[in-house]
Amino acid sequence: MKTISIKGLNKPVSVLMKGSDYFYHDNYEKAAANLDAYFSIGGNSIDTAHIYCGGQSEEVIGRYMQERGNREQWVILTKGAHHDHNGPRVNKQDIRNDITMSLEKLQTDFIDLYALHRDDPAVPVGEVVEALNEYVVAGTVGAIGVSNWTWQRIQAANEYAAANGLTGFSFSSPNLSLAKPNEPFWTGCVSADAETCVWHEAEQLPLLSWSSQARGFFTGRFSPEIRDNADLVRVFYSDDNWERLERAKQLAASKNVTAIQIALAYVLNQPFPTCALIGAQSTEELTSCQEGALLNLSREEMNWLDLTSDQL
């Protein structure tokens, strides 16, 4: 499997990252089997978070790595500082609490990739960078990054880090998909728009995309008349996205693949380093992702899919 490099980490990162927001103790055997299958095709990166499955996701991953004895073969991305019922938690104390608990649940003394799950624009970027640098210096965290931060905040944080001799953010994890959202999935979520992608290309900052296949929009199960999935209707139903789906189908037919594989390839063929977080839970889904990750799309094909060109 193809890999990318992330500054601060001395391991390659597979371009397909295994999602784990269904890892519960009562389905441990399924989660473990999914990880085994994913690892067998060359995947080595797991995406999790302090809040996933009420904390069970990290615990399941920790148990799995202990039982298999393969911690060093994995790249673990976990996230913290997600807001709770009291509001934002992007501060030194909550970051410390979440990292400490994540290390315990994962049964490890090192987190390869650590990201802040949400932003709090009211907090100066310098405070955030300084808080996270404590863990980089201590060797507890390899690379630091963010999820659901705007590129402007990331740039400001990295400028602060550079000016003060600190380690900046070396990756970002927003949503990026061929289907463009009408509105955020959840409050505080960020999707990479055209301006964000231009910035990533200029900076060559790796982007790790969640909902990289638009939550099944390209599977063929949906049409303008099928409106039983309220969230999908709210976020992705638009004339432009139906046109993107139609173009994905046309390009897929010409390459003898599926539209959802084209959608995955769109994420992985950006002009900057990308990974796609995948939720594959079956052999069929994993094989589809494996094949989609191998597809190469030209800049002309990318522009045509993105509706920025009518010429293919």
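Scroll up for the structure.
Quick summary incoming for the structure in this document. (Residues numbered from 1 in each chain as written. Predicted model: local features only at pLDDT ≥ 70, side-chain atom pairs only at ≥ 80, totals over all residues. Heavy atoms only, no water.)

## Overview of the state of the cysteines
We count it as follows: Here, a disulfide means two cysteine sulfur atoms that sit within 2.5 Å of each other. Note on exposure labels: buried denotes an accessible area under 20% of the residue type's maximum, exposed denotes more than 50%, and partly exposed covers the range between, all computed with a 1.4 Å probe on protein chains only.
Summed over the entire model, instances satisfying the criterion amount to zero disulfides. Here Cys53 stays unpaired: no disulfide links it, and the sulfur of Cys189, its closest cysteine neighbor, is 16 Å away. Its sulfur unpaired, Cys197 is 15 Å from the next cysteine sulfur, which belongs to Cys275. Accessibility expressed as a relative area gives 12% for Cys197, which makes it buried.

## Observations concerning the pattern of salt bridges
Going by this rule: Definition used for salt bridges: Asp or Glu carboxyl oxygen within 4 Å of a side-chain nitrogen of Lys or Arg. Only DSSP runs of H or I covering at least 4 residues are called helices, and only runs of E covering at least 2 are called strands; the numbering of each starts at the N terminus.
Counted under the stated rule, the structure contains 20 salt bridges. Between Lys11 and Asp112 there is a salt bridge, and its shortest N-O distance comes to 3.3 Å. Of this pair, Lys11 sits in the loop between strand E1 (3-4) and strand E2 (13-14) while Asp112 sits in strand E6 (residues 111-116), and the two are 101 residues apart along the sequence. Judged on exposure class, the residue Lys11 and its partner Asp112 are both buried. A salt bridge links Arg234 to Asp231; its shortest N-O distance comes to 3.4 Å. With Arg234 and Asp231 both in helix H7 (residues 230-236) and three residues apart, the pair spans about one turn of that helix. For Asp231, a relative accessible area of 48% corresponds to the partly exposed category. Here the residues in one salt-bridge network are Asp36, Arg63, Glu67 and Arg68, joined through shared partners.

## Description of helix H3 (residues 92-106)
The criterion, for reference: Multiplying one less than the number of residues by 1.5 Å gives the expected span of a helix. To be clear, the arc concerns the directions from the helix axis to the C-beta atoms. In this analysis, two residues are considered to be in contact whenever any of their non-hydrogen atoms come within 4.5 Å of each other.
Relative to the 21 Å expected for 15 residues at 1.5 Å per residue, H3 spans 21 Å between its end C-alpha atoms, a close match to the ideal helical length. Residues of H3 that are buried include every one of Asp94, Ile95, Asp98, Ile99, Ser102, Leu103, Lys105 and Leu106, and no others. Buried positions in H3, seen along its axis, are confined to an arc of 165° and lie on one side of it. Turned more than 90 degrees away from the buried face of H3 sit Gln93 and Glu104, all of them exposed. Those residues of H3 that are buried lie in contact with helix H2 (56-68), strand E5 (75-80), E6 and helix H4 (125-138). Directly after H3, the chain includes Gln107, whose backbone phi takes a positive value near 55°.

## Examining the sheet that holds strand E7 (residues 141-146)
Under the convention used in this document: Any two strands with at least two DSSP bridges between them are considered paired. Orientation is described by lines fitted to C-alpha atoms, with helices fitted over the stretch in contact, and by angles between N-to-C directions that extend from 0 to 180 degrees.
In spatial order, the strands read E7-E6-E5-E4-E3-E9-E8; together these seven strands make up an open sheet with parallel pairing. Bordering the open sheet on either side are E7 and strand E8 (207-209), each of which pairs with just one other strand. Mean inter-strand twist for the sheet, computed between neighbouring axes without regard to direction, equals 25°. Where E8 lies against strand E9 (residues 274-278), three bridges are found, and the strand directions are parallel. Of the residues in E9, the one forming a bridge with Ser209 is Ala276. Strands in contact with helix H1 (residues 28-40) are strand E3 (16-19) and strand E4 (45-47); relative to E3, the strand with the most contacts, it is inclined by about 175°. Each of E5 and E6 touches H3; the most contacted strand, E6, lies at about 145° to it.

## Quick look at the nonpolar core
As a reminder of what qualifies: Nonpolar cores were defined as sets of buried Ala, Val, Leu, Ile, Met, Phe, Trp, Tyr and Cys residues, with membership established by side-chain atoms within 4.5 Å.
In this structure, Leu16, Leu113, Leu208, Phe217 and Phe218 are the most contacted members of the largest nonpolar core, which totals 76 residues. The element best represented in this core is helix H9 (residues 259-268), accounting for nine residues. Discounting chain neighbours no more than four positions away, the residues touching Leu16 are Met1, Tyr38, Ser45, Leu264, Leu268, Ala276, Ile278, Cys289, Gln290 and Ala293.

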